[in-house]
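The primary structure of each chain is shown beneath.
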Amino acid sequence: VLLLPGEAMPQRLPDCLRRELLDYARRRGISSGPIFVTRTGRPCGRAGVSVSIRRLCRDAQVPPEKGNPRCLRKLYYTTRAEIVGWGGCQEVRGA
């Protein structure tokens with residue numbers, strides 16, 4: 001479930017990604033709650049995620065303008081549409 005301000009959006013994940021996330025959670029001892037947390041166990045915030053994305057993009061030599069949450073969300077919807085065979089982003093988001 002993707003938690004947005006004031007709402008929770010169920011998200012379908014490809015089986016391979018779901019298995020990887022469950023394996024990651026199992027290795028980290030996470031049985032409920034957020035999967036991505038800080039070293040102290042608090043949920044990752046938007047600013048921290050953005051910093052991590054920029055760092056990963058720099059290390060992977062990806063142009064900085066491609067390394068922001070909005071671009072990643074668009075990439076997710078596009079890739080998911082291709083995997084699942086849906087028409088486009090609007091259908092994936094249910095709009």
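**Thoughts on the overall build of the chain**
Argument step 1. The secondary structure content of the chain amounts to four helices and two strands.
Argument step 2. Tracing the chain from N to C terminus, the helices and strands come up as β-β-α-α-α-α.
Argument step 3. Here the chain holds 95 residues, and 12% of them are scored as buried.
Argument step 4. For the chain, the accessible surface area stands at approximately 8000 Å², while carbon and sulfur atoms represent 56% of it.

**What about unusual backbone geometry?**
Argument step 1. The phi dihedral of Gln61 is positive, around 60°, even though this residue is not glycine.
Argument step 2. Considering the arrangement of structural elements, one finds Gln61 in the loop between helix H2 (46-60) and helix H3 (69-84).

**Digging into the confidence of the model for the chain**
Argument step 1. Within the chain, residue pLDDT values average 78, and 79% of them lie at 70 or more.
Argument step 2. Element-level pLDDT for the chain is lowest in helix H4 (residues 89-93), with a mean of 45, against a maximum mean of 87 in helix H1 (residues 15-28).
Argument step 3. Across residues 87-95, confidence stays below pLDDT 50; counting only partners more than four residues off in sequence or on other chains, it has ten contacts.

Reading the values: the criteria
- Per-chain numbering applies: the sequence of each chain, read as written, is numbered from 1 onward.
- Owing to the predicted nature of the model, reporting of local features is limited to residues with pLDDT of at least 70; listing and counting of side-chain atom pairs is limited to 80 or more, with chain, interface and lining totals taken over all residues.
- With hydrogens and water set aside, each side-chain value is computed from the structure's full complement of heavy atoms.
- Secondary structure is summarised from DSSP: a helix means a run of H or I of at least four residues, a strand means a run of E of at least two, and numbering begins at the N terminus for each.
- Summary of the burial criterion: residues with accessible area below 20% of their type's maximum are buried, those above 50% are exposed, and those between are partly exposed, where the area comes from a 1.4 Å probe applied to protein chains only.
- Each accessible area value is a Shrake-Rupley result obtained with a 1.4 Å probe; residue values ignore everything except the protein chains displayed when judging cover.
- As a per-residue quantity, pLDDT reports the predictor's confidence and falls between 0 and 100.
- Any two residues having at least one pair of non-hydrogen atoms within 4.5 Å are treated as being in contact.

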